[in-house]
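Overview (structure and organization)
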Amino acid sequence: MDDTRKYTVVIMIAWLVVGTVTLVWNLYDDLDERQQLALQSARSLMANIRYTRAWNARHGGVYVPVTDKDRPNPFLDDVNRDLETTNGIRLTKINPAYMTRQLSEIASEYGGAQFHITSLNPIRSENRP
């Protein structure tokens, strides 16, 4: 094998090694970037849920019309949980925890992020960590 051929083979091998290293580096960097984006998205979602819960709590809960999807919360111990307007519309109070569960159900229906917030002392048995 003459010198030109040797140098060509060496250059091709070096080029292949550099290309492989670059590919691996880019794949790793892409994976890291996707993980960081997913983490930031999850943090943003949870922050928005906290803000929404705080808004609800500041208002002492929010009353909504009773429907098939908005049933009275059997775990809400509040004498004013259920009200009826003067024109006969039945209302039920939605507290922050119940609202969060409903938001999670809506997100699940639309194929969004699934989340579950629980407590060390859950009231509902379904809220076990």
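Residues numbered from 1 in each chain as written. Predicted model: local features only at pLDDT ≥ 70, side-chain atom pairs only at ≥ 80, totals over all residues. Heavy atoms only, no water.

Brief notes about the overall build of the protein chain
As a reminder, the rule being used: Only DSSP runs of H or I with at least four residues qualify as helices, and only runs of E with at least two residues qualify as strands; both kinds are numbered from the N terminus onward. Values of the radius of gyration come from C-alpha atoms, whereas the globule rule sets the reference at 2.2 Å times the count of residues to the power 0.38. Using a 1.4 Å probe on the protein chains alone, a residue whose accessible area is under 20% of its type maximum counts as buried, one over 50% counts as exposed, and one in between counts as partly exposed. Residue contacts are counted whenever heavy atoms from the two residues lie within 4.5 Å of one another. Accessible areas in this description were obtained via Shrake-Rupley with a 1.4 Å probe; residue shielding takes into account the shown protein chains only. As used throughout, the charge tally considers Lys and Arg to be positive and Asp and Glu to be negative, leaving His and the chain termini uncounted. By convention, the charge on Lys lies at NZ, on Arg at CZ, on Asp at CG and on Glu at CD.
Scanning the protein chain from terminus to terminus reveals two helices and three strands. For the protein chain, the C-alpha radius of gyration of 28 Å lies well beyond 14 Å, the compact-globule estimate for 129 residues. For the protein chain, the spread of C-alpha atoms along the three principal axes comes to 100 × 35 × 25 Å. Residues counted as buried form 18% of the 129 residues belonging to the protein chain. For the protein chain, contacts bridging at least 24 residues in sequence account for 49% of all contacts bridging at least 6. When the accessible surface of the protein chain is totalled, it reaches about 10500 Å², and 59% of it is carbon and sulfur. For the protein chain, the centre of its 15 positive side-chain charges and the centre of its 15 negative side-chain charges are spaced 5 Å apart.

Brief notes about the sheet that holds strand β3 (residues 90–94)
Keep this limit in mind: Strand pairing is assigned whenever DSSP detects at least two bridges linking the two strands. Every axis corresponds to a line fitted to the C-alpha atoms, with the helix fit spanning only the stretch in contact, and the corresponding angles, defined between N-to-C directions, vary from 0 to 180 degrees.
Spatial strand order, β1-β3-β2: three strands in an open sheet with antiparallel pairing. The open sheet has two edge strands, β1 (62–65) and β2 (82–84), and neither has a second partner. Direction aside, neighbouring strands of the sheet carry axes that sit 35 degrees apart on average.

Notes on the pairing of β3
For β3, the tally of buried residues reaches four of five residues, placing the bulk of the element in the interior. With four bridges joining them, β1 and β3 adopt antiparallel strand pairing. Residue pairing in the sheet places Val64 in a bridge with Thr92 of β3. Strand direction decides the pairing type here: β2 and β3, joined by three bridges, are antiparallel.

All we've got here are geometric facts, nothing functional implied.
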